[in-house]
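Now for the letters of each chain:
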Amino acid sequence: MAQPAETVPDETAVRAETPKKELGPVFKLASGPTKWLDDRVGLAGLSRPFLRKVFPDHWSFLLGEIALYSFIVLLLSGVFLTIWFKPSMSEVEYQGSYELLRGLQMSDAYASTLNLSFDIRGGLLLRQMHHWAAMLFVAAMLTHSLRIFFTGAFRKPREINWLIGVAMLSLGLIEGFAGYSLPDDLLSGTGLRFVDGLIRAIPLIGTWAEFFTFGGEFPGELIIPRLYMVHILLVPAVLLGLIAAHLALVVYHKHTQYPGPGRTTGNVVGYPVFPVYAAKAGGFFLIVFGVLTLMGATMQINPVWVFGPYNPAEITAGSQPDWYMGFVEGAIRIMPNWEWHIGSTTWSWNVFLPGIGVMTLFFGIMAIYPFAEAWVTGDKSEHHVLDRPRNNPTRTAFGIAAMTAYAMLWIGGGNDLVATQFHVSLNSVTYFLRVAVFVAPVLAFLITKRICIGLQRSDSDRMLHGAESGIIDRAPSGKYSERHRPISEGEAFKLTQHADLPALMPMTEVDGMSEKEIKSEQRRRKATRFYFIDTLRRPTRAEIEEAAHHHMHAMHLDDGNGEHHAIEAEEEEEHHLAR
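Residues numbered from 1 in each chain as written. Predicted model: local features only at pLDDT ≥ 70, side-chain atom pairs only at ≥ 80, totals over all residues. Heavy atoms only, no water.

So, about the overall build of the chain. Within the chain one finds 20 helices and eight strands. Taken over 579 residues, the chain has a buried fraction of 41%. Intrachain contacts of the chain at a sequence separation of at least 6 include 73% that bridge at least 24 residues. Accessible area for the chain stands at about 33100 Å²; split by element, carbon and sulfur atoms hold 64% of it. (Helix = DSSP H or I, 4+ residues; strand = E, 2+ residues; numbered from the N terminus. Buried < 20%, exposed > 50% of the residue type's maximum accessible area, 1.4 Å probe, protein only. Contact = heavy atoms within 4.5 Å. Areas by Shrake-Rupley, 256 points an atom, 1.4 Å probe, with all protein chains shown as cover.)

Structural data, given as structure tokens:
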């Protein structure tokens with residue numbers, strides 16, 4: 001038989017101590033400067049609240065990070081390109097290493113771009129990385145804006161941050177166009193000619209605005225230096241300020257989060273900035289940087305040597321702008337030839353309305369939508385938990401309709417390529433898009449709204465009747481039915497966390513209200529009916545308790561031969577139909 005082990009007397013016992021943690025070489029190197037700063041500016045006290053800030057963990061939040069990291073890559077690669085690029089329209093004779101253009105007259109800007117591509121070590125890689133990063137920057141901002149819109153993250157108290165995002169998106173288009181135009185090749189010059197037409201189409205002041213912008217008649221000799229200053233100084237400085245304000249407001253308001261167990265408007269469920277989120281963010285930045293490097297090294301973009309230097313008398317066949325400006329060009333291409341001739345002036349509505357008008361409408365609707373929805377709902381409370389898109393069908397349908405209209409205009413920007421690639425008439429493509437740009441968004445709105453309502457019904461059915469188990473029972477009457485199992489509390493919480501917004505009926509009592517207030521309130525109530533009349537209400541507490549009681553009762557039934565389950569399923573179906 002085993003004997004008990006001897007115990008150590010208290011007087012000879014040694015207290016167990018946890019060994020002190022040894023800092024690694026990196027932390028040892030950083031400890032000195034960090035302590036120096038902390039002694040002088042209180043670095044630890046200033047950074048402690050931010051380092052313990054909690055951020056939720058969801059893949060869709062990475063869209064904003066992609067935009068931020070792309071902008072950092074743009075700054076880093078832009079510094080390199082600035083060293084070698086010459087923003088001058090002075091004529092020189094090219095004597096570089098690209099033999100097909102050697103001896104040709106071109107601007108300093110185009111010649112320096114060729115030198116960057118062929119004669120500067122790493123120049124072509126950095127040029128292409130810069131171009132890809134610019135397109136990814138705009139794409140990530142646009143996708144991030146869609147995520148914010150569909151989930152309702154623009155609601156109080158984040159309206160200002162939404163407006164900052166709209167401003168950044170519009171500045172991103174300006175910044176991308178300015179950089180796209182700097183090489184002064186034939187393709188970028190064609191884009192400048194396009195903008196020259198937009199400026200001249202402004203009623204009454206168009207010609208004056210053109211001479212002011214280009215320093216004389218197009219193309220002039222000043223536009224490249226002016227765009228250069230806009231591209232490397234003015235717009236990046238404003239973007240840096242807006243990004244700083246955007247991130248500061250994210251920290252101040254705390255991050256939004258998706259509905260789920262334990263997630264309320266008063267907390268944030270996630271990870272602290274340090275060390276978890278900082279490590280993830282650092283790794284993700286390296287991934288974005290690596291992908292852009294791979295794209296710059298293996299995917300050719302904007303081969304300016306193929307187009308040649310810009311000549312106002314020439315144009316490239318099949319020329320297309322960068323994708324983010326395609327919707328403006330598409331609007332102009334499909335617009336009918338509407339012009340007014342008043343006295344000695346020409347009002348070119350065929351250029352002004354689809355060009356400047358479409359961009360103004362696009363960003364204007366984005367800017368005012370949060371305030372329009374707040375007016376409709378009359379909701380003054382703060383929102384830190386996001387909506388599932390299906391739970392606000394009208395907002396989701398509006399978003400899909402806007403995306404559809406954008407897609408129609410985007411296709412119009414390449415109507416010539418659509419015609420040649422699919423062997424159809426260019427006029428037929430144009431006429432189709434003139435109709436589709438108005439009809440397709442309406443169809444998209446109606447279809448999307450019905451899909452969202454269908455998903456709401458599916459959620460309600462899952463909440464009240466449970467999840468499908470895959471087990472089929474047969475009732476004594478011969479009817480087949482599937483067993484359902486109750487869903488988890490976490491899933492039930494997610495399915496019922498959204499608010500029910502009412503569709504208000506017209507006012508019947510107007511005591512104490514002025515005529516103006518009555519009309520405004522009646523319009524608001526009519527808007528609520530448009531927004532919420534078809535929205536499915538979430539199950540009530542009584543219905544949820546009844547469903548839970550039913551599931552508990554079904555679980556205790558004898559399932560020896562499955563007969564009781566089959567009868568219970570049949571009774572459940574009859575009860576559901578009766579209701």
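Turning our attention to the packing of aromatic side chains. For any pair of aromatic rings, geometry is given as the distance between the ring centres together with the angle between the planes. Tallied over the full model, the rule gives 31 aromatic pairs. Ring geometry for F214 versus F218: centroids 5.2 Å apart, planes at 80 degrees, classification edge-to-face. For the residue pair F214 and F218, the accessibility class agrees, reading buried in each case. Taken together through their ring pairs, the aromatic side chains of F149, F150, F154, W162 and Y369 make up a single cluster. One Lys or Arg, K449, reaches over the ring of F530 and ends 5.3 Å from the middle of that ring. (Phe/Tyr/Trp six-rings, centres within 6.5 Å; stacked < 30°, edge-to-face > 60°. Lys NZ or Arg CZ within 6 Å of the ring centre and 35° of its normal.)

With that settled, the discussion passes to the side chain of H130. Examined against the element boundaries, H130 turns out to sit in helix α5 (residues 123–151). Setting aside residues no more than four positions away along its own chain, H130 makes contact with L74, S77, G78, L81 and H231.

Moving on, we come to the confidence of the model for the chain. For residues with low pLDDT, the predicted coordinates do not support detailed interpretation. Taken as a whole, the chain shows an average pLDDT of 86; of its residues, 88% reach a score of 70 or greater. Below pLDDT 50 for its whole length, residues 558–564 participates in six contacts with residues either more than four positions away or in separate chains. (pLDDT = per-residue confidence, 0-100.)

By volume, the largest pocket is sized at about 1300 Å³. Lining the largest pocket are 38 residues, with L361, F362, I365, A402 and A405 positioned closest to its centre. The set of elements that each furnish at least two residues to the lining of the largest pocket consists of α5, α12 (326–334), α13 (349–377), α14 (393–412) and α16 (426–465). Among the residues forming the lining of the largest pocket, the class breakdown is 34 nonpolar, three polar and one charged. In this structure, the second largest pocket encloses a volume near 950 Å³. As for the second largest pocket, its lining consists of 39 residues, of which G64, H144, H246, L247 and V250 are closest to the centre. Contributions of two or more residues to the lining of the second largest pocket are made by α2 (43–51), α3 (62–84), α5, α6 (159–181), α9 (223–253) and α10 (273–298). Of the residues contributing to the lining of the second largest pocket, the split by class is 27 nonpolar, eight polar and four charged. (1 Å grid on protein atoms, 1.4 Å probe; cavity = no way out; pocket = protein on both sides within 12 Å on 5 of 7 lines; lining within 4 Å. Points joined across faces, edges and corners; volume = space filled by probe spheres on them. Nonpolar A, V, L, I, M, F, W, Y, C, P; charged D, E, K, R; others polar.)

A few words on the pairing of strand β8 (residues 480–485). Inspection of the sheet shows strand β7 (residues 467–474) paired to β8 by five bridges, in the antiparallel sense. Directly across from D473, in β8, lies its bridge partner S481. (Pairing = 2+ DSSP bridges.)

Once that is clear, we can look at α3. When the terminal C-alpha atoms of α3 are compared, their 34 Å separation across 23 residues agrees well with the 33 Å that a helix rising 1.5 Å per residue should span. Maximum bend of α3: about 25 degrees, positioned at G78. For α3, the full list of buried residues reads L63, E65, I66, A67, Y69, S70, F71, V73, L74, S77, G78 and L81. Those residues of α3 that are buried lie in contact with α4 (108–118), α5, α9 and α10. (Expected span 1.5 Å × (residues − 1). Bend = angle between axes of the 7 residues up to and from the residue.)

A separate point is empty space enclosed by the protein. Inspection of the entire model under this criterion finds two cavities of 30 Å³ or more. Considering only enclosed or pocket space, the largest cavity measures out at about 100 Å³ in volume. Considering every element that reaches the lining of the largest cavity, the biggest residue donor is α16, with four residues. When the residues that make up the lining of the largest cavity are grouped by side-chain class, the tally is four nonpolar, five polar and four charged. Along the walls of the second largest cavity sit V138, L142, L169, L173, W323, Y324, F327, F362, F363 and Y406, which together make up its complete lining. Looking at the lining of the second largest cavity, the elements that each hand over two or more residues are α5, α6 and α13. Here the lining of the second largest cavity is composed, by residue class, of ten nonpolar, no polar and no charged.

Within the fold, L455 resides in helix α16. Looking at L455, the relative accessible area reads 34%, which means it is partly exposed.

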